[in-house]
2 protein chains.
Amino acid sequence: MKTVTISDVARHAQTSKSTVSQFLNKRYDYMRDDTKKRIEAAIEELGYSPNIVARSLKQKSTKTIGVIVANILHVFSTQVIRAIEDFCNDSNYHVIVCNADDDPAKEKRYIEMLRAKQVDGIIAFPTGGNVDLYKKLISESYPLVFLDRKVQEISVNTVLLDNEKAAKIAVDEFVKTGYDKIGIITPSLEKGITPRVERVSGFKKALEEHGLPVKPEYIVSAKIADIQRELEKMLNLPEPPKAILALNDRVLFEILKYAKEHSLKIPEDIAVIGIDDVSFAGFYSPELTTIAQPAFDMGKKAAELLLNRIASKGSEVEVNTFRFDPQLKKRSSC
Amino acid sequence: MKTVTISDVARHAQTSKSTVSQFLNKRYDYMRDDTKKRIEAAIEELGYSPNIVARSLKQKSTKTIGVIVANILHVFSTQVIRAIEDFCNDSNYHVIVCNADDDPAKEKRYIEMLRAKQVDGIIAFPTGGNVDLYKKLISESYPLVFLDRKVQEISVNTVLLDNEKAAKIAVDEFVKTGYDKIGIITPSLEKGITPRVERVSGFKKALEEHGLPVKPEYIVSAKIADIQRELEKMLNLPEPPKAILALNDRVLFEILKYAKEHSLKIPEDIAVIGIDDVSFAGFYSPELTTIAQPAFDMGKKAAELLLNRIASKGSEVEVNTFRFDPQLKKRSSC
DNA sequence: CTGAAAGCGCTTACAG
DNA sequence: CTGAAAGCGCTTACAG
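Conventions and cut-offs
Residues numbered from 1 in each chain as written. Chains lettered and ligands numbered in written order. Predicted model: local features only at pLDDT ≥ 70, side-chain atom pairs only at ≥ 80, totals over all residues. Heavy atoms only, no water. Domains from an automatic or database assignment. Phe/Tyr/Trp six-rings, centres within 6.5 Å; stacked < 30°, edge-to-face > 60°. Helix = DSSP H or I, 4+ residues; strand = E, 2+ residues; numbered from the N terminus. Buried < 20%, exposed > 50% of the residue type's maximum accessible area, 1.4 Å probe, protein only. Lys NZ or Arg CZ within 6 Å of the ring centre and 35° of its normal. Pairing = 2+ DSSP bridges. Axes fitted to C-alpha atoms, helices over the stretch in contact; angles between N-to-C directions. Contact = heavy atoms within 4.5 Å. Near = heavy atom within 4 Å. Polar contact = N/O pair within 3.5 Å; in protein donor to acceptor, adjacent residues only side chain to side chain. Nonpolar A, V, L, I, M, F, W, Y, C, P; charged D, E, K, R; others polar. Least-squares fit on C-alpha atoms with pLDDT ≥ 70 in both. 1 Å grid on protein atoms, 1.4 Å probe; cavity = no way out; pocket = protein on both sides within 12 Å on 5 of 7 lines; lining within 4 Å. Points joined across faces, edges and corners; volume = space filled by probe spheres on them.

Let us now look at the domain arrangement of chain A. Here chain A is partitioned into domain 1 (6-50), domain 2 (63-160 + 296-324) and domain 3 (163-292). The distance between the C-alpha centroids of domain 1 of chain A and domain 2 of chain A comes to 37 Å.

Spelled out as structure tokens, the structure:
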């Protein structure tokens, strides 16, 4: 089909492209009523719809942003994206979703392609592996917001959970219930991924605050696939922990699997608290005590920061780190 | 910052825009080696990156597709999107994600905006409420693929679960285990959403095949919020069902909650099979027998169909419905 | 109140 | 092997 353009509309309405464009952009200030009507009719009749790519080229704004998460399959990411999409939708922005899979090379490709597509800004769960690129974006004052993770020496608005607090809440809860042998299991700490690092450090600090010893044997960092084995080791220590903090939902799954396979009773044999309020927490047996992340609020905040930044067109903007409060969902696994 | 354009590169490399463009598009056929080198150097030095919006305007292809799901928070949608994104990434396409929330008005807005943005094609979980729009797209031979749901009288490539088979597998399994009083719970059937309608009809057919009566009291259709109440009614029937098929994960949640609150033992008091292989199926107590949807395969297929359609540039293409096989995950809740 | 003209940054016949 | 020119479909000063 031949596409109908603004020229066609202009011809049909017996006016000029300029006037039609004014109409489209709702600048009716000086438009005669009958001109307006003719244009309206022509648009209707021709089934005209503006080509936003052309507009974007001229206006240097595509009204779309990019969101680069680690993996959309993680429910936290899904919720964040949902919140971002909702916020963007209200402001007539669209969102392109990318999965970086914790791979800096993939992240780099995405950032470069998104920029080439003239996306107005990017929200990223940074891999941390592209420091020079991040710096370049910032030096060009390209709108950028980090979420879930921060990157050393990169000065950009960042939205984070108060991870130390999350760990502290869990430890406090364990202690309150009477536990003093408390362990933590985290996915690999190697890449220095913010939530993991901070939660572990918060865990240690909280232990100290309670005058409890920080035993390295009680702190397990392992790939998800190895957690079962590491857990086994930990629980077969001469003095095993009686309570375990699961750093996130994936770790919690492994602990629950292990407990089931080894017929461990929760919380009698081992108490458990998980960070991430998993979908089944309320009807699992026992009901699972969790610490929820305000994922929607965090996504919304990130979107808000980004769109404000875009709107403010490179004028000096303050850079901050925004910490969100985790929330204890007290149930029965501790 | 001033953007650097192809003209800057041309000037710097002492050649013309045309030649630089040839270079960018890797049409080296007739390019002298030193020209090539000069261009390369200029690009490097200026930090040039092409403006894809300009290219898109000229080439009438944005290398971007739109995906409109009901709600990205549903794990099935998330998996489908992941598969689509992976496939698109391989072909250098980007994907814009939209949530229609089963709202035809919202769907309409998205479709129109995506088209205005000159997106090369759309994959949709159609609400079913915009028949005229769908028809219009098709008549313009705009690349479109439906997923999860089909729409009457709309002839477009559609990727679906074999829903009847999913229900049949569940019923067969119940019967095999010795159950003959089998119920089904589904979210509201009112909107005629394909998977619900087809699973219920598959359920009835399967019952008949086994010579079992189809009792209306055993078929509950209710909003998620009302399921607890309806379940209570059903289980207090003079002759209540002893096995229940949960139409999807959300329904399963409600059943599990109910069972927990009323201390019903699964499968002793009530056997359960759920369609959708929920994350905790393998370590719930009891382990949950489920029927998995091949979400990744389905997403990949949809992406493949769409990109082929885009590549084939409006030439006649066959239209089909692609049914994917559900898979029984035999565990212990039946 | 409206129109002609230039320009956004590319690509693509076409000529040489 | 390379360049000048037209054009993709808009928007935006500017002139009148």
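Right, let's get into the packing of aromatic side chains. Taken as a whole and assessed by the stated rule, the structure comprises 18 aromatic pairs over all chains. On the basis of an interplanar angle of 70° and a centroid distance of 5.9 Å, the ring pair of Phe283(A) and Phe280(B) is categorised as edge-to-face. Residue Phe283(A) is found in the loop between strand S9 (271-275) and strand S10 (289-292), and its partner Phe280(B) is found in the loop between strand S9 (271-275) and strand S10 (289-292); the two belong to separate chains. The residues Phe283(A) and Phe280(B) share a single accessibility class, namely buried. Here Phe174(B) and Tyr179(B) contribute two aromatic rings whose centre-to-centre distance is 6.1 Å and whose plane-to-plane angle is 85°, an arrangement assigned as edge-to-face. Judged by its relative accessible area of 0%, Phe174(B) falls in the buried class. An aromatic cluster is defined as three or more aromatic residues linked by ring pairs; in this entry it consists of Phe253(A), Phe280(A), Phe283(A), Tyr284(A), Phe253(B), Phe280(B), Phe283(B) and Tyr284(B). Across the ring face of Tyr142(B), the terminal group of Arg115(B) is positioned such that the distance to the ring centre comes to 4.2 Å. Positioned over the ring face of Phe322(B) is Lys301(B), at 4.6 Å from the centre of the ring.

Residues and elements named next belong to chain A. What the 6 strands build is an open sheet, ordered S7-S6-S8-S9-S10-S12; its pairing is mixed. For this open sheet the edge positions go to strand S7 (219-221) and strand S12 (327-329), each flanked by a neighbour on one side alone. Strand-to-strand, the axes of this sheet are offset by a mean angle of 20°, without reference to chain direction. The pairing of S10 with S12 spans 3 bridges and is antiparallel. The residue of S12 that forms the bridge with Thr290 is Lys329. Strand contacts of helix H9 (residues 194-209): strand S6 (182-186), S7, strand S8 (243-246) and S9, with the helix running at about 175° to S6, the strand carrying the most contacts.

As a further point, take the protein's contact with DNA strand D. DNA strand D sits among 26 residues. The nearest are Ser21(A), Thr15(B), Ser18(B), Tyr30(B) and Thr35(B). Among the atoms of DNA strand D lying within 4 Å of the protein, the sugar-phosphate backbone contributes 65%. Thr15(B) has a polar side-chain atom sitting 2.4 Å from a phosphate oxygen of DNA strand D. Between DNA strand D and the protein, one listed contact pairs a base nitrogen with a side-chain N or O atom of Lys58(B) at 3.3 Å. Those elements that place two or more of their residues in the surface near DNA strand D are helix H2 (17-24) and helix H4 (52-59) of chain A together with helix H2 (17-24) and helix H4 (52-59) of chain B. Among the elements that take part in the surface near DNA strand D, H4(A) stands out by supplying 4 residues, more than any other. Residue composition of the surface near DNA strand D, grouped by class: 7 nonpolar, 12 polar and 7 charged.

This part covers the relation of the copies chain A and chain B. Turning chain A through 180° and shifting it by 0.0 Å along the axis lays it on chain B, with an RMSD of 0.0 Å. In short, the pair behaves as if placed about a two-fold rotation axis. Taking C-alpha positions as the reference, the residue of chain A nearest the rotation axis is Ile96(A), at 2.1 Å. Taken as a fraction of all interface residues of chain A, those also at the interface in chain B reach 100%, which identifies the copy contact as same-surface.

We now examine empty space enclosed by the protein. Rolled over the atoms, a probe as big as a water molecule pinpoints where empty space is left. Taken as a whole, this structure holds 4 cavities of 30 Å³ or more when the rule is applied. The calculated volume of the largest cavity comes to roughly 220 Å³. Taken together, 16 residues form the lining of the largest cavity, with Thr62(A), Lys117(A), Thr62(B), Thr64(B) and Lys117(B) sitting closest to its centre. Counting residues per element, the ones that place at least two in the lining of the largest cavity are H4 of chain A together with H4 of chain B. Each residue belonging to the lining of the largest cavity can be placed in one class, and the counts come to 8 nonpolar, 6 polar and 2 charged.

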